[in-house]
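# Structural overview for review
Read off the chains here:
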Amino acid sequence: MGIKIALLIVFFAVMVGVGIYSRKHATSVDGFVLGGRAVGPWLTAFAYGTSYFSAVVFVGYAGQFGWKYGIACTWIGIGNAVIGSLLAWVVLGRRTKVMTQHLGSKTMPDFFGERYDSKAIKITASVIVFIFLIPYTASVYNGLSRLFGMAFDIPYSWCVIAMAVFTALYVILGGYMATAINDFIQGIIMLAGIVAVVAAVLGGQGGFMEALSKMAEIPSDVPLTAGQPGAFTSFFGPDPLNLLGVVILTSLGTWGLPQMIGKFYAIKDEKSVNTGTVISTVFAIVVSGGCYFLGGFGRLFDSPEIYDGTGAVVYDSIIPYMLSALPDILIGIVVVLVLSASMSTLSSLVLTSSSTMTLDLLKDNIIKNMSEKKQIIIMQLMIVFFIVVSVVIALDPPTFIAQLMGISWGALAGAFLAPFLYGLYWKGVTKAGVWAGFIAGVGLTVSNMFIGFIESPINAGAAAMVAGLVAVPVVSLLTPKMKKEKIDDIFQCYDETVTITKKRSLQQEI
């Protein structure tokens, strides 16, 4: 117990120390929200990766999908690395940095407002962020309860409050730069922790080949492949179609999440984009691939302790039970690992929420003539507000909110992915097309929550993204175009001439 508590004390002390160190970077709105748009590749890549993977992935998703799909759920981690990290950086990174800097936008709703010349779109986007990031923020705490119950005798409520207080402290003190530096530290912990945990768990099962052999003997209980032994070790698992839905939502979804895209706003230069792409992809392979690979062996730990009173599997208890037999030092590392994953995601979410509410909704609409200093103070107050609300929800989540947690990712990505992606590349997107994307994304996921025409909320989220990708171009082709002069002015930022070294370009001189 002493080792575990000591690890926690050191962890929290470092987080607060980084917040105090980063205060000098948080004296302007640009510095507080984006780190002055001069953040290097390592910090940006780790900030992207740690915001991507939280306790929801490590405890919830890895346990749930590992149980359902067996070893094949490793495909989710591969999809996260290739689509959610590599392609996201290649397709969005450079263009996001160039256009958002040209437009002077600091948030995703701000980008929509400037790109489509519409205050109504900007305000609506900020409301969507507000509604769906709060339950997502609350869900970040979920993975902690069972882990802390296993590792400590400290009540879950105290752990949630402590985590919230320390996160609020360093984000308020240092803004984006504090979150980026802490994300880097937390990312190192996550990388080392997941490798150690996978090795220890498989070692306890007699090694990888022995564990795989045991998994191959388990018959499938999925209707599609019912009774077949070996389904949980097959290439695509017992239910490939639903597995594909999970891969799409958890991988392509990052392209439309404001807390993820915001990392590209802040990146420093061309070299940082290239280096960050590689680092981010490797990080995702190790962390996400490791989490889902570990979860894939969940059925080897079938025990009464992972079932509730009705005989249903409690997915959130699978990973903690797998880890319960580990040595104390490793359990301490796991607790710090999950805390790192949770706090890094939490800090990113509350900074995104507070900056969006302050800059896109309150400024000039509700509060007139906000000075730079006043904007920072209001953002800091909004950080406290968002964390308090998320703690209240996390401590006693009502059924409706619990459902909303599952669809918040799908609703955000469904609404924002298409308008953002097309907006970076295509001059033909219209205001009506953007509204169609918002309606398709939010409308499909929310209506499905009440009507349930798509059984899985994961597949509903994936369908919402696809619907937006279809609706935006179709409606844009049928509705009046934006003014050509305005669009040409926005897109001319891509055509500006810059001078670079030969090692960056091999073009011949004419």
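Residues numbered from 1 in each chain as written. Predicted model: local features only at pLDDT ≥ 70, side-chain atom pairs only at ≥ 80, totals over all residues. Heavy atoms only, no water.

## Focus on the packing of aromatic side chains
For any pair of aromatic rings, the description consists of the separation of the ring centres together with the inter-plane angle of the planes. Going through the model one piece at a time under the given rule, you end up with 30 aromatic pairs. Here phenylalanine 112 and phenylalanine 416 contribute two aromatic rings whose centre-to-centre distance is 5.5 Å and whose plane-to-plane angle is 45°, an arrangement assigned as tilted. Taken together, the residues span a long stretch of sequence, with phenylalanine 112 in helix α6 (residues 108-115) and phenylalanine 416 in helix α17 (residues 399-425) at a distance of 304 residues. By the burial criterion, phenylalanine 112 is buried, and phenylalanine 416 matches it. Among the aromatic residues, those joined into a cluster by ring pairs are Phe111, Phe112, Tyr116, Phe416, Phe420, Trp435 and Phe438. For the cation-ring pair, arginine 95 lies above tyrosine 425, with the distance from its terminal atom to the ring centre recorded as 4.1 Å. For arginine 95, the ring lying beneath its charged end belongs to tyrosine 494, and the centroid distance is 4.3 Å. (Phe/Tyr/Trp six-rings, centres within 6.5 Å; stacked < 30°, edge-to-face > 60°. Helix = DSSP H or I, 4+ residues; strand = E, 2+ residues; numbered from the N terminus. Buried < 20%, exposed > 50% of the residue type's maximum accessible area, 1.4 Å probe, protein only. Lys NZ or Arg CZ within 6 Å of the ring centre and 35° of its normal.)

## Points about the nonpolar core
Phe58, Phe65, Phe112, Tyr141, Phe416, Phe420 and Phe438 are the most contacted members of the largest nonpolar core, which has 157 residues in total. Sorting elements by how many residues they give to this core places helix α15 (residues 328-362) first, with 18 residues. Non-local contacts of phenylalanine 58, meaning those with residues more than four positions away in its chain, are made with Ile194, Cys291, Leu294, Ile319, Leu323, Val334, Leu337 and Val338. (Core = buried A, V, L, I, M, F, W, Y, C linked by side-chain atoms within 4.5 Å. Contact = heavy atoms within 4.5 Å.)

## What to know about the packing of helix α4 (residues 55-69) against helix α13 (residues 270-295)
It is the contact of α4 with α13, at a shortest axis distance of 7 Å, that shows an interaxial angle of 45°. On the basis of their axis angle, the class for α4 and α13 is oblique. Judged by the twist between their axes, the crossing of α4 over α13 is right-handed. The segment α4 lies against α13, with Val57, Phe58, Tyr61, Ala62, Phe65, Gly66 and Trp67 engaging Cys291, Tyr292, Leu294 and Gly295. Looking at side-chain class alone, the contact of α4 with α13 contains nine nonpolar, two polar and no charged residues. (Axes fitted to C-alpha atoms, helices over the stretch in contact; angles between N-to-C directions. Parallel < 35°, antiparallel > 145°, perpendicular 65-115°, else oblique. Left-handed = near helix turned anticlockwise from the far one by under 90°. Nonpolar A, V, L, I, M, F, W, Y, C, P; charged D, E, K, R; others polar.)

## Describing the environment of alanine 45
Position of alanine 45 relative to the elements: it lies in helix α3 (residues 41-52). Sequence separation between alanine 45 and isoleucine 279 is 234 residues; the distance between their C-alpha atoms is 6.0 Å. Apart from residues no more than four positions distant in its own chain, alanine 45 is found in contact with Trp89, Gly276, Ile279 and Ser280.

## A short note on a nonpolar patch on the surface
Residues Ile78, Val82, Leu86, Leu87 and Val90 make up a contiguous nonpolar surface patch of roughly 360 Å² in combined accessible area. Residue position: leucine 87 is located in helix α5 (residues 74-103). Overall, the relative accessible area of 35% leaves leucine 87 in the partly exposed class. (Patch = residues over 30% accessible without salt bridge, like charges linked within 9 Å, V, L, I, M, F, W, Y side chains within 5 Å. Areas by Shrake-Rupley, 256 points an atom, 1.4 Å probe, with all protein chains shown as cover. Salt bridge = Lys/Arg side-chain N within 4 Å of Asp/Glu carboxyl O.)

## Here's the deal with the pattern of salt bridges
Counted by the stated rule, this structure contains four salt bridges. Taking the shortest distance from any N to any O, the salt bridge between lysine 122 and aspartate 110 comes out at 3.6 Å. Taken as a pair, lysine 122 in helix α7 (residues 119-139) and aspartate 110 in helix α6 lie far apart in primary sequence, 12 residues in all. Salt bridges sharing common partners tie together Lys427, Lys484 and Asp488.

## Examining α5
The largest bend in α5 amounts to roughly 50° and is located at tryptophan 89. Just past α5, the residue glycine 104 takes up positive phi, approximately 75°. (Bend = angle between axes of the 7 residues up to and from the residue.)

## Considering the environment of serine 303
Here serine 303 lies in the loop between α13 and α14 (318-323). Judged by relative accessible area, serine 303 falls into the buried class, the value being 8%. Distance in space between the C-alpha atoms of serine 303 and isoleucine 318 is 9.2 Å, their sequence separation being 15 residues. Reaching out from serine 303, the side chain makes a polar contact with the side chain of tyrosine 321 at a distance of 3.3 Å. (Polar contact = N/O pair within 3.5 Å; in protein donor to acceptor, adjacent residues only side chain to side chain.)

## Points about unusual backbone geometry
Positive phi outside glycine occurs at aspartate 117, with the angle close to 50°. Within the secondary structure, aspartate 117 is located in the loop between α6 and α7. Residue aspartate 364 is not a glycine yet carries a positive backbone phi of 70°. Structurally, the position occupied by aspartate 364 is in the loop between α15 and α16 (372-395). Residue classification places aspartate 364 among the partly exposed residues on the basis of a relative accessible area of 39%.

## What to know about the side chain of threonine 74
Topologically, threonine 74 is positioned in helix α5. Within polar-contact distance, the side chain of threonine 74 engages the backbone oxygen of isoleucine 71 at 2.8 Å. Beyond its immediate stretch of four places on either side in the chain, threonine 74 contacts Gly289, Tyr292 and Phe293.

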